[in-house]
Amino acid sequence: MRNYGLVALLFIVLSPALRAQHGGVSAGRLRAAYEASVGEGGRLRQRLFFDAFPTNGEDYELIFGYHPELRDSSLYDCAADMVEAFWCHDAIPDSLFYSKVAAVTCGLRLDADAPNYWQARLESVLTRHGRDAETLIDRVASLPVGDQMRFWSFVWSTTLDDEVRSRRDFHRGYILRRHPQMVPVYDSARKLFFNGINFSSEPSPRNFPECE
Amino acid sequence: MIMYTTASYFKRAAICLLALASLVKASAQSQDLRPEEIAAAHAALLSCPDSLAEARFFNAFPDRGEDFTLLYEPHNLTAGTTFDFSGSSYCHTSAFWNLRLIPAEVLAEKVVRITCGLRFSQGASWYWQWYLRQALALPELRDVIIDEVARLRSGHQLEFWAMVWSSAEADSRDLLFESLQPGLLTRHPHTASISACAFHLFHNEVRSRE
């Protein structure tokens, strides 16, 4: 009983702090910034859109996910266009851009629609050679190992065994050379999440034969 | 005659329990999020905590971690709407974990599914994690929850254990891990290896959701 009392007490003490932790994303601001950036474009408008874009996976899921109950606060219908616009920037410094990419990815689970668009863009960067993939990998390597696992879990998440995707290599050689401590995380994520999940909106996270 | 009456009573009780379990299980698969129903079911549970009130609250409670987060974590997208239950997060979470008449297997299925979609934070998911750890320390719920986790696809098992072991600093989870691991190794060795992997990666090694 004493433990339950302690939890209740903590709740009362923490409440004011929790109230101040409201997510920062605003549908109105993001929509306006997006419309301005695709209209006349320009570096300043791109930057405003980038700043208005969700800063973590939970906000991304909430604003672009299928939540019709949120009405005007949901941007589900514009998700594909906005995600495309986000990844097609040319005005944001790479380090800043990929910091945001890593932060958003760490909070996502694979599902249809918005998480799927994000995973496709992420894969596109990580399967290309060049500075973009390395900048992103360097950023991920600087995160706590739990967050590194979240990142690679999302990258590797598939619901089925797809032979083409199973052969993909997201720069493991670079990781081995530059961030060897991240290799076990990368390998574990591949082992557990490739052909290892159901979409998060599926009725059950159980193995398929038991889902019936 | 007395024997017949007693048998009849138990038969009726068994039928009622089975019906309740089916109702609860069928509704647990629904993905509709109805905040008004959650509030009404919680009020009904407080005024008359019988098996029907428990089943109603259990059914209304979110099915997925994402829905739990939407309702119970403070967020400016839901502030001021009927979906802002951040002020009730402790009461509702506590009420959920104190449901005593829901069959353990049915409760465990929902607990595990919600947990897979949660990410450690200082808000509602912190309460959830606290109650989950208490449940894993109790033999009667622990085994049912672990059996359910062992049925999941490997990625979801990692998600589950990541939530259990997530912490920003070292704490008493070390003791819980040590107490769970021998039983896990015996009954579900694959799940034990995933739990150990999650413990290594997430215990004292994760940032709270920002």
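Residues numbered from 1 in each chain as written. Chains lettered and ligands numbered in written order. Predicted model: local features only at pLDDT ≥ 70, side-chain atom pairs only at ≥ 80, totals over all residues. Heavy atoms only, no water.

## Remarks on the pattern of salt bridges
The tally for this structure, following the rule as stated, stands at 24 salt bridges over all chains. Arg-109 of chain A is the salt-bridge partner of Glu-66 of chain B, the closest N and O atoms lying 2.8 Å from each other. Linking Glu-66 of chain B in helix 4 (residues 65–72) with Arg-109 of chain A in the loop between helix 6 (94–106) and helix 7 (114–126), this pair reaches from one chain into another. For the pair Glu-66 of chain B and Arg-109 of chain A, one class covers both residues: buried. Salt bridges here are not isolated pairs; linked through shared partners, they connect Arg-109 of chain A together with Arg-64, Glu-66, Asp-67 and Glu-159 of chain B. (Salt bridge = Lys/Arg side-chain N within 4 Å of Asp/Glu carboxyl O. Helix = DSSP H or I, 4+ residues; strand = E, 2+ residues; numbered from the N terminus. Buried < 20%, exposed > 50% of the residue type's maximum accessible area, 1.4 Å probe, protein only.)

## Some details on the interface of chain A and chain B
Taken together, the 57 residues of chain A in the interface contact 50 residues of chain B. Approximately 4,900 Å² of surface area, both sides summed, lies buried where chain A meets chain B, with 56% of it carried by carbon and sulfur atoms. Between the two partners, chain A and chain B, sit six salt bridges. Only helix 1 (2–19), helix 4 (57–64), helix 9 (145–156), helix 12 (183–193) and helix 13 (208–211) of chain A provide two or more residues apiece to the side of chain A that touches chain B. (Contact = heavy atoms within 4.5 Å. Buried area = accessible area lost by both parts, 1.4 Å probe.)

## As for the packing of helix 7 of chain A against helix 8 (residues 131–141) of chain A
Residue and element names in this part refer to chain A. Between helix 7 and helix 8, the shortest axis-to-axis distance is 8 Å and the interhelical angle comes to 110 degrees. On the basis of their axis angle, the class for helix 7 and helix 8 is roughly perpendicular. Residues Leu-122, Val-125 and Leu-126 of helix 7 form the contact with helix 8, whose own contacting residues are Asp-132, Ala-133, Leu-136 and Ile-137. Residues belonging to the contact of helix 7 with helix 8 are distributed by class as follows: six nonpolar, no polar and one charged. (Axes fitted to C-alpha atoms, helices over the stretch in contact; angles between N-to-C directions. Parallel < 35°, antiparallel > 145°, perpendicular 65-115°, else oblique. Nonpolar A, V, L, I, M, F, W, Y, C, P; charged D, E, K, R; others polar.)

Everything listed here is a matter of geometry and, on its own, says nothing about what the molecule does.
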